Amino acid sequence: MAKHISCDTTILLDPKTAPNEIDRVLNTMLYESRPVYIGVPVDVSHLEVDALGLKTPLKTILPPNDTTEENELVSQLRTLLEQKRNPIIIVDGNAIRGGVVNESRELAELTGLPCFTTCMGKGGPDESTPNFGGVYQGAGSYPDVAKAVEASDAVFWIGNVQTDFNTGEFTENVAEDITIDFQRFIVKVGKTQHNLKMLYVLRALVQSIKEKPLARSASKLTWEAYPENDPKPEAALTQDYLWPTLGKFFRPGDFIIGETGTSAFGLTAAILPKGATMYNQTVFGSIGYATGAALGALKAIREMGNIKRLILCTGEGSLHLTVQAFADFLKLELNPIIFVLNNDGYTVERLIHGRDAFYNQLPYWDYSKLAPAFGPRFPQAYHGPIDTPEKLDTLLADEGFAKADHFQLVELKLGYLDAPLSLRLAASAVEEFNKRKAGDGSMGV
């Protein structure tokens, strides 16, 4: 299986070749920026190997582009930026994974063009700038945001990720002919592909604009990126109230991870402050990934020392799959804040297929007992169930809670079919897609 989801694999059978094999696979990982797999059989794991290879650093820098080709492309891109009536920038998920966030932000700042992101690209652009235009996800977008994107005549799409949930079930309406698609190893202008690495193309384009500013003025936004950012509280806690409110709780230095499904969609309605980092993914629908990912990320960033708080947003269905990670959170005293959305089942699945099906019903857990069961000797707190806007506001205003100096789990009690607006819109598109597929005898999602 690993061969089908990894860019390189190896099984270490011979201690004489193991060091070179490890370096080879790790160098491939760094070059491709994709997963690799190294298998270590138990009967060789304890064997000693030659340490000579440790003196040779891994290759962490991509080789440069062909200078002539790069210069020609940069000239072409400058022409598009200056001559097109309404160019825009979209910073997508592969911009983050491809390590071009800084270059993307600098391009947006220098040009003053409207800059958007996607569900998977959240955390890429700086949302505090006046030219941040919102989150584009096809039919899952706010109407004015979608209108602004789809009216463009040149879309500089950095790290474009074409997956179902990242595009509102492929309902994005941006023609290939007007798209400049930046990827790790290629840049496509319309249908023409240039085998150039986007990192160096973006750097060269930014440098070109610094040396000779574009012959156009910055654009002024005529729409709100987050038109629902001040929702009115209702008697019960709702998704529409939750996510904008959480956005106001986020701080510079936070690292936020969103689980596949409701949390990933919901976080698109939360404004990220400058200096906050967010990670979610809409590539694999692997619910439960976020809890384990948060554990690994938090362990790493604690060692790096540049992140203040880790905040995990997950659903109770996803948590049921990987809750054992709580034991390590507690043992390692990593002190996350974990928001668990409890709406009594698999909401995304209910919205797409099987609204009242028994298989979308979950076993009932007492979430107040989880941390004491997994780490009774370590500092911890349970908050909940939080089922009203007033309770949520009170908790988020608590300085002791916000300090995040011990493990904290927040149970958010939400309605049976309550979902963020973006998910409701996208789920409707998926449902229509499945109906069409069922009509022609094909398989849906």
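Everything numeric in this text was worked out from a predicted model, so none of it was measured.

Chemist: What exactly am I supposed to notice about helix H2 (residues 18–32) here?
Modeler: Every α-helix carries 3.6 residues per turn, so stepping three or four residues along brings you back to the same face. When the terminal C-alpha atoms of H2 are compared, their 21 Å separation across 15 residues agrees well with the 21 Å that a helix rising 1.5 Å per residue should span. If you check which residues of H2 are buried, you get Ala18, Pro19, Val25 and Asn27. Once H2 ends, the next one or two residues include Ser33, with phi positive near 55°.

Chemist: How should unusual backbone geometry be read in this particular structure?
Modeler: For residues other than glycine, phi is negative in most cases, and the peptide bonds are mostly trans. The omega angle of the peptide bond from Gly384 to Pro385 is -5°, so this bond is cis rather than trans. By the secondary structure assignment, Pro385 is in strand E14 (residues 380–386). Even without being a glycine, Ser33 presents a positive backbone phi close to 55°. Exposure remark for Ser33: the relative accessible area of 34% places this residue in the partly exposed category. Of note, Ala404 is a non-glycine position whose phi angle comes to about 55°, a positive value. Here Ala404 shows up in the loop between helix H16 (399–403) and strand E15 (407–413). For Ala404, a relative accessible area of 8% puts it in the buried group.

Chemist: How should I be thinking about the sheet that holds strand E8 (residues 187–189) in this particular structure?
Modeler: Whether parallel or antiparallel, the strands of a sheet pair through hydrogen bonds between backbone atoms. As summarised here, the arrangement of the seven strands in space is E5-E4-E3-E6-E7-E8-E9, forming an open sheet in which the pairing is mixed. Single-partner strands in this sheet number two, and they are strand E5 (132–135) and strand E9 (192–194). Between one strand and the next, the sheet's axes are offset by a mean angle of 20°, whatever the strand orientation. Across five bridges, strand E3 (residues 87–91) lies against strand E6 (residues 154–158) in parallel orientation. Following the sheet pairing, Ile88 is matched in E6 by Val155.

Chemist: Sorry if this is basic, but what is going on with the packing of helix H3 (residues 67–83) against helix H7 (residues 198–211) here?
Modeler: Relative placement of two packed helices is described by the angle separating their axes and the distance separating the axes. Close contact between H3 and H7 brings their axes to 10 Å; oriented N to C, the two are set at 60°. Considering their axes alone, H3 and H7 lie oblique with respect to each other. Like other packed secondary-structure pairs, H3 and H7 cross with a definite hand, here right-handed. Seen from H3, the contacting residues are Glu70, Leu73, Val74, Leu77, Arg78 and Leu81; seen from H7, they are Tyr200, Val201, Ala204, Leu205, Ser208 and Ile209. Classifying every residue of the contact of H3 with H7 by side-chain character gives nine nonpolar, one polar and two charged.

Chemist: Please explain the sheet that holds strand E12 (residues 309–315) as it appears in this structure.
Modeler: Spatially, E11-E10-E12-E13-E15-E14 is the arrangement adopted by the six strands of the open sheet, whose pairing is parallel. Strands with a single pairing partner mark the edges of an open sheet, and in this sheet they are strand E11 (277–279) and E14. For this sheet, the mean inter-axis angle between neighbouring strands, taken without regard to orientation, is 15°. For strand E10 (residues 254–258) and E12, the ladder comprises five bridges, and the chain directions are parallel. Bridge assignment links Ile256 to a residue of E12, and that residue is Ile311. Of the strands in this sheet, E10, E11 and E12 are in contact with helix H10 (residues 289–304), which crosses E10 at around 160°.

Chemist: I would appreciate a short explanation of a nonpolar patch on the surface in the present structure.
Modeler: Residues Ile11, Leu13 and Tyr37 make up a contiguous nonpolar surface patch of about 320 Å² in total accessible area. Mapped onto the elements of the fold, Leu13 is located in the loop between strand E1 (8–11) and H2.

Chemist: Is there a simple way to explain H7 in this structure?
Modeler: With 14 residues, H7 extends 20 Å between its outermost C-alpha atoms, agreeing within 8% with the 20 Å of an ideal straight helix rising 1.5 Å per residue. Restricting attention to buried positions, one finds in H7 the residues Met198, Leu199, Tyr200, Val201, Leu202, Leu205, Val206, Ser208 and Ile209. Where H7 is buried, its residues meet H3, helix H4 (93–97), helix H5 (101–111), E6, strand E7 (179–182) and E8.

Chemist: Even after reading the chapter, I still don't get the pattern of salt bridges, so can you show me in this structure?
Modeler: Opposite charge on two side chains permits pairing when their charged atoms draw close. Enumeration over the complete set of coordinates arrives at 19 salt bridges. Where Arg24 meets Asp8, a salt bridge forms, and the shortest distance between an N and an O atom there is 2.6 Å. Here Arg24, found in helix H2, pairs with Asp8, found in strand E1; they are 16 residues apart in sequence, far enough to count as distant.

Chemist: Please clarify how the packing of aromatic side chains should be interpreted in this entry.
Modeler: Each pair of aromatic rings is reported with the distance of its centres and the angle of its planes. On inspection of all chains with the given rule, the structure shows 14 aromatic pairs. Taking 5.7 Å as the distance between ring centres and 70° as the angle between the ring planes, the aromatic pair formed by Phe358 and Tyr359 counts as edge-to-face. Relative accessible area serves as the criterion here: at 71%, Phe358 is assigned to the exposed category. Three or more aromatic residues joined by ring pairs form one cluster here, namely Phe326, Phe329, Phe374 and Phe407.

Reading the values: the criteria
Each chain carries its own residue numbering, running from 1 in the written order of its sequence. Where local features are concerned, this predicted model is filtered to residues with pLDDT of at least 70; where side-chain atom pairs are given and counted, the filter is 80 or more; whole-chain, interface and lining totals use all residues. Remark: hydrogens and water are excluded; side-chain values derive from all non-hydrogen atoms of the structure. Strands here mean DSSP runs of E at least two residues long; helices mean DSSP runs of H or I at least four residues long; both are numbered from the N terminus. Expected helix span is computed as 1.5 Å times (number of residues minus one). Summary of the burial criterion: residues with accessible area below 20% of their type's maximum are buried, those above 50% are exposed, and those between are partly exposed, where the area comes from a 1.4 Å probe applied to protein chains only. DSSP bridges decide pairing: two strands pair if at least two such bridges lie between them. The convention used is that axes are lines fitted to C-alpha atoms, helices contributing only their stretch in contact, and that angles between N-to-C directions extend from 0 to 180 degrees. Roughly parallel covers angles under 35 degrees, roughly antiparallel covers those over 145, roughly perpendicular covers 65 to 115, and oblique covers all other angles. Take the far helix as your reference; a near helix turned counterclockwise from it by less than a right angle gives a left-handed crossing, and one turned clockwise gives a right-handed crossing. Residue contacts follow a heavy-atom distance rule, with two residues in contact if any of their heavy atoms lie within 4.5 Å. Three residue categories are used. Nonpolar comprises Ala, Val, Leu, Ile, Met, Phe, Trp, Tyr, Cys and Pro, charged comprises Asp, Glu, Lys and Arg, and polar comprises the others, including Gly. Residues form patches when they are more than 30% accessible in relative terms and have no salt bridge. Like charges link within 9 Å. Nonpolar side chains (Val, Leu, Ile, Met, Phe, Trp, Tyr) link within 5 Å. In this description, accessible areas are obtained by the Shrake-Rupley approach with a 1.4 Å probe, and a residue is regarded as covered only by the protein chains that are shown. We define a salt bridge as a contact between a side-chain nitrogen of Lys or Arg and a carboxyl oxygen of Asp or Glu at a distance within 4 Å. In this analysis, rings of Phe, Tyr and Trp, with Trp reduced to its six-membered ring, are considered paired at centre separations within 6.5 Å, and the interplanar angle assigns stacked below 30 degrees, edge-to-face beyond 60, and tilted for intermediate values.

Distances and angles like these do not, on their own, reveal function.
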